[in-house]
Amino acid sequence: TLYLQMYHKGGRGSVEGNQIRSTLPYIRTDIPIVVIFRALGFVADRDIIEHVVYDLTDGEMMDLFRPSLEEASVIQRQDIALDFIGRRGSARD
């Protein structure tokens, strides 16, 4: 089961506000949605925005999505995104 959540300012952990994160099966922590898109091969910010924000002229929606892009700005390649997610996976016996 996949869950998406938007955290507001003052949310749990180190989340600063308005980031969209996802809970994935077998992954111990929430993963930023932008990292998931990068792991799926959508590396460019514009590609990700086009899949999330349908109307690119909608300034309010773009402003709401900006913190999610900023949170994942350190992960710019698919292999790094996959590694980021994999390191948070549950150890199997």
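Here, the structure is the one placed above.
Procedures and definitions
Residues numbered from 1 in each chain as written. Predicted model: local features only at pLDDT ≥ 70, side-chain atom pairs only at ≥ 80, totals over all residues. Heavy atoms only, no water. Core = buried A, V, L, I, M, F, W, Y, C linked by side-chain atoms within 4.5 Å. Buried < 20%, exposed > 50% of the residue type's maximum accessible area, 1.4 Å probe, protein only. Helix = DSSP H or I, 4+ residues; strand = E, 2+ residues; numbered from the N terminus. Contact = heavy atoms within 4.5 Å. Phe/Tyr/Trp six-rings, centres within 6.5 Å; stacked < 30°, edge-to-face > 60°. Lys NZ or Arg CZ within 6 Å of the ring centre and 35° of its normal. Pairing = 2+ DSSP bridges.

A word on the nonpolar core
Ile31, Ile33, Val34, Val35, Phe65 and Ile85 are the most contacted members of the largest nonpolar core, which has 20 residues in total. The set of elements that each furnish at least two residues to this core consists of helix 1 (33-39), helix 2 (45-52), helix 3 (59-71) and helix 4 (78-86). For this core, the element with the most residues is helix 1, which contributes six residues. For Ile85, the residues in contact, after removing those within four places along its chain, are Leu24, Ile27, Ile31, Val35, Ile36 and Ala39.

A look at the packing of aromatic side chains
With the rule as written, the count across this model stands at one aromatic pair. Here the aromatic rings of Phe37 and Phe42 are separated by 5.9 Å at their centres, their planes lie at 65°, and the arrangement is edge-to-face. Under the relative-accessibility criterion, Phe37 is labelled buried at 16%. Residue classification places Phe42 among the partly exposed positions, given a relative accessible area of 27%. Residue placement shows Arg88 over the ring face of Phe84; its charged tip is 3.6 Å from the ring centre.

With respect to the pairing of strand 2 (residues 19-23)
Counting buried positions along strand 2 gives four out of five residues, so the element sits mostly inside the fold. Across five bridges, the pairing between strand 1 (residues 3-7) and strand 2 is antiparallel. Considered in strand 2, the bridge of Met6 is made with Ile20. Both strand 2 and strand 3 (residues 31-32) contribute to a ladder of two bridges, which runs antiparallel. In the sheet register, Arg21 faces strand 3, and the bridge partner there is Pro32.

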